[in-house]
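The lines below spell out each chain.
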Amino acid sequence: MKAEENSAPVSMVERLKRYGALIRFDRPIGTLLLMWPALWALWLAGKGSPSWDVVVIFALGTFLMRSAGCAINDYADRHIDGHVKRTSNRPIATGLVSPREALAVFAFLSLAAFGLVLLLNWQTVVLSFVALALAAIYPFMKRYTHLPQLVLGMAFAWAVPMAYMALTENVPPNAWLLYIAAVIWALVYDTQYAMVDREDDLKIGVKSTAILFGEYDIVMILLLQLSMLGLMVLIGVKEELSLFYYLGLAAATLLAVYQQILIRKREPAGCFKAFLNNNYFGMVIFAGLLAHYLVTLNPS
């Protein structure tokens, strides 16, 4: 059946639909989770007034790199996805997109993202090569280490030093604190995501933090959440941010509690809902930052 589908003529519209499925165009959660740390960094580095040109470049860049990441992830998992219930309908697993096409999509999107980076200073261009390397190796890590989520976090959080470099031509200590916080946050939500597939992953030999943590998974997620929020408080103190920022962190703390409630029974549906909830977690932190700068830069 797959051979017949691949050999049949495919219209351009249908091909684009298949590529859209490959890059999860209809599921923007990955782009949003990548975007929030970039926005935190842009507003902090820009002291509430980042260059809008740079903001647009980073927004487009997060979409392109997340999409490229999906393509290379499906290529790396082409022999695995068909054995996992949640991923069995992905385009490569069903034969709608060939592995070679997935690599071509990854290359095209990566080049497009690199073209955007070329609009920034040369220091940011240099940092972009680290981002590309991390994005390329992450999908293969689940075969060699139980910490692929750590590599994902390093890749997703790399927008933080890039944002500082793009705006200030410098990556100060506070930027690295924010980077570490973003890495830890990715460990939280991607472990929740890995809990959804844990039983399938154990059967096929795929590694993850959900498997590594085992019966201590919920406790480890709680400790990671507390560590991340603690770092965000420290950043607020060092940046001398106002009450509005801490109200955002308070809202994020409530969402972290809600996520703990969702994962307490380790049911796949609850774990996936907790993963999705992290979009709001990142959003309320940014809302607190935005409110702080709107008030302090425009006092009544």
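Residues numbered from 1 in each chain as written. Predicted model: local features only at pLDDT ≥ 70, side-chain atom pairs only at ≥ 80, totals over all residues. Heavy atoms only, no water.

This part covers the overall build of the chain. Per the secondary structure count, the chain includes 15 helices and 0 strands. C-alpha atoms of the chain, sized along the principal axes, occupy 65 × 45 × 30 Å. Sequence separation of at least 24 residues holds for 75% of the intrachain contacts in the chain that already meet a minimum separation of 6. For the chain, the accessible surface area stands at approximately 14,300 Å², while carbon and sulfur atoms represent 69% of it. Positive and negative side-chain charges of the chain, numbering 23 and 20 respectively, have mean locations separated by a distance of 3 Å. (Helix = DSSP H or I, 4+ residues; strand = E, 2+ residues; numbered from the N terminus. Contact = heavy atoms within 4.5 Å. Areas by Shrake-Rupley, 256 points an atom, 1.4 Å probe, with all protein chains shown as cover. Lys, Arg positive; Asp, Glu negative; His and termini not counted. Charge placed at Lys NZ, Arg CZ, Asp CG, Glu CD.)

As a further point, take a nonpolar patch on the surface. Residues Y216, V219, L222, L223 and L226 make up a contiguous nonpolar surface patch of about 490 Å² in total accessible area. Relative to the assigned elements, L222 resides in helix α13 (residues 217-238). (Patch = residues over 30% accessible without salt bridge, like charges linked within 9 Å, V, L, I, M, F, W, Y side chains within 5 Å. Salt bridge = Lys/Arg side-chain N within 4 Å of Asp/Glu carboxyl O.)

Looking now at the packing of aromatic side chains. Taken as a whole and assessed by the stated rule, the structure comprises 16 aromatic pairs. Ring centres 5.5 Å apart and planes at 55° place the aromatic pair F114 and F129 in the tilted group. Here F114 is found in helix α6 (residues 99-117), whereas its partner F129 is found in helix α7 (residues 122-141), with 15 residues between them in sequence. A relative accessible area of 27% means that F114 is categorised as partly exposed. Measuring from centroid to centroid gives 6.2 Å for Y193 and F272, while their planes differ by 40°, and the two rings are tilted. Of this pair, Y193 sits in helix α10 (residues 173-196) while F272 sits in helix α15 (residues 268-297), placing them 79 residues apart in sequence. By the ring-pair criterion, three or more aromatic residues cluster together here, those being W40, W185, Y189, Y193, F272, F275 and F281. Residue placement shows R78 over the ring face of Y75; its charged tip is 4.0 Å from the ring centre. (Phe/Tyr/Trp six-rings, centres within 6.5 Å; stacked < 30°, edge-to-face > 60°. Buried < 20%, exposed > 50% of the residue type's maximum accessible area, 1.4 Å probe, protein only. Lys NZ or Arg CZ within 6 Å of the ring centre and 35° of its normal.)

Right, let's get into the pattern of salt bridges. Applying the stated rule across the entire model yields 10 salt bridges. Across the pair K47 and E239 runs a salt bridge, and its minimum N-O distance is 3.0 Å. Taken as a pair, K47 in the loop between α3 (29-45) and α4 (52-76) and E239 in the loop between α13 and α14 (243-263) lie far apart in primary sequence, 192 residues in all. Using a relative accessible area of 16% as the deciding quantity, one classes E239 as buried. As a salt-bridge pair, D74 and R90 come within 3.6 Å of each other at their nearest N and O atoms. With D74 in helix α4 and R90 in the loop between α4 and α5 (91-94), the pair connects residues that are 16 residues apart, well separated along the chain.

Right, let's get into the side chain of D200. Summarising the element assignment, D200 is placed in helix α11 (residues 198-204). Buried charge without a partner: D200 forms no salt bridge, and the closest opposite charge is K203, 4.5 Å away.

Our focus in this paragraph is the confidence of the model for the chain. In low-pLDDT segments, the atomic positions of the prediction should not be examined closely. With 97% of its residues at a pLDDT of at least 70, the chain reaches an overall mean of 92. Long-range and interchain partners of residues 1-6, a stretch whose pLDDT sits below 50, account for 7 contacts in this model, where long-range means more than four residues apart. (pLDDT = per-residue confidence, 0-100.)

To continue, consider α10. Spanning 24 residues, α10 covers 36 Å between terminal C-alpha atoms, matching the ideal 34 Å at 1.5 Å per step. Summarising burial for α10: 20 of the 24 residues are buried, a large majority. (Expected span 1.5 Å × (residues − 1).)

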